[in-house]
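Next come the chains, spelled out residue by residue.
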Amino acid sequence: MENNVCDNKDIAFICDEMKRLFDIELLVVFGIKRREKDNAVTDLDICVVCEHDNKNAWIKKAYLEIDSDIPFDISLYTPSEWNSLIEKPESFASRILRKGCVVYGKTQNQ
């Protein structure tokens, strides 16, 4: 994935809003889809690692509070879930870390 992923103002806005609203330890952008004719971002996936009491409530708040022109999906993990899963190369979390772009925070391997 491109290193300048947040050069896109819409992606940067979503990431900034996530950091403003929540106490995030790690934010990774992955799965960006672009329109062929003009390369515009049409959809993206965001992985967030943070402490939370209720996954569904957290995700609902993010969708309600972030007014984005680009649709996005959230994969949410607690730090303990994330650290356990990234040790398994076959896990989705490990794939996100390999293929995605860390926008905020540090990985265990840094």
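The sections below set out a description of the structure shown in this document. (Residues numbered from 1 in each chain as written. Predicted model: local features only at pLDDT ≥ 70, side-chain atom pairs only at ≥ 80, totals over all residues. Heavy atoms only, no water.)

1. Some details on the overall build of the chain
From N to C terminus, the chain includes four helices and four strands. Each helix and strand of the chain, ordered N terminal to C terminal, gives the series α-β-β-α-β-α-α-β. Within the chain, counting contacts between residues at least 6 apart in sequence, those at least 24 apart form 62% of the total. Summed over all atoms, the accessible surface of the chain reaches about 6700 Å², with 43% contributed by carbon and sulfur. (Helix = DSSP H or I, 4+ residues; strand = E, 2+ residues; numbered from the N terminus. Contact = heavy atoms within 4.5 Å. Areas by Shrake-Rupley, 256 points an atom, 1.4 Å probe, with all protein chains shown as cover.)

2. Here we look at a negative patch on the surface
Taken together, Asp23, Glu25, Glu51 and Asp53 make up a surface patch of like negative charges. Accessibility expressed as a relative area gives 86% for aspartate 53, which makes it exposed. (Patch = residues over 30% accessible without salt bridge, like charges linked within 9 Å, V, L, I, M, F, W, Y side chains within 5 Å. Salt bridge = Lys/Arg side-chain N within 4 Å of Asp/Glu carboxyl O. Lys, Arg positive; Asp, Glu negative; His and termini not counted. Charge placed at Lys NZ, Arg CZ, Asp CG, Glu CD. Buried < 20%, exposed > 50% of the residue type's maximum accessible area, 1.4 Å probe, protein only.)

3. Comments concerning the nonpolar core
Grouped together as the largest cluster of nonpolar side chains are 23 residues, with contacts concentrated most on Met18, Leu44, Ile46, Val48, Trp58, Phe72 and Ile74. Those elements that provide at least two residues to this core are helix H1 (9–21), strand E1 (26–34), strand E2 (41–49), helix H2 (55–65) and strand E3 (72–77). Element by element, the count of residues in this core is highest for H1, at five residues. If we skip the residues at most four places from it in the chain, phenylalanine 72 touches Ile14, Met18, Leu44, Ile46, Tyr63 and Ile66. Phe30, Cys47, Trp82 and Ile96 belong to the second-largest nonpolar core, a separate cluster that totals ten residues. (Core = buried A, V, L, I, M, F, W, Y, C linked by side-chain atoms within 4.5 Å.)

4. A closer look at the pattern of salt bridges
If you walk through the whole model with that rule in mind, you get five salt bridges. A salt bridge links aspartate 16 to lysine 19, with the shortest nitrogen-to-oxygen separation between them at 3.7 Å. Residue aspartate 16 and its partner lysine 19 are located together in helix H1, separated by three residues, close to a single helical turn. Note on lysine 19: relative accessible area 32%, which makes it partly exposed. One salt bridge connects aspartate 38 with arginine 35, and the closest N-O pair in it is separated by 3.0 Å.

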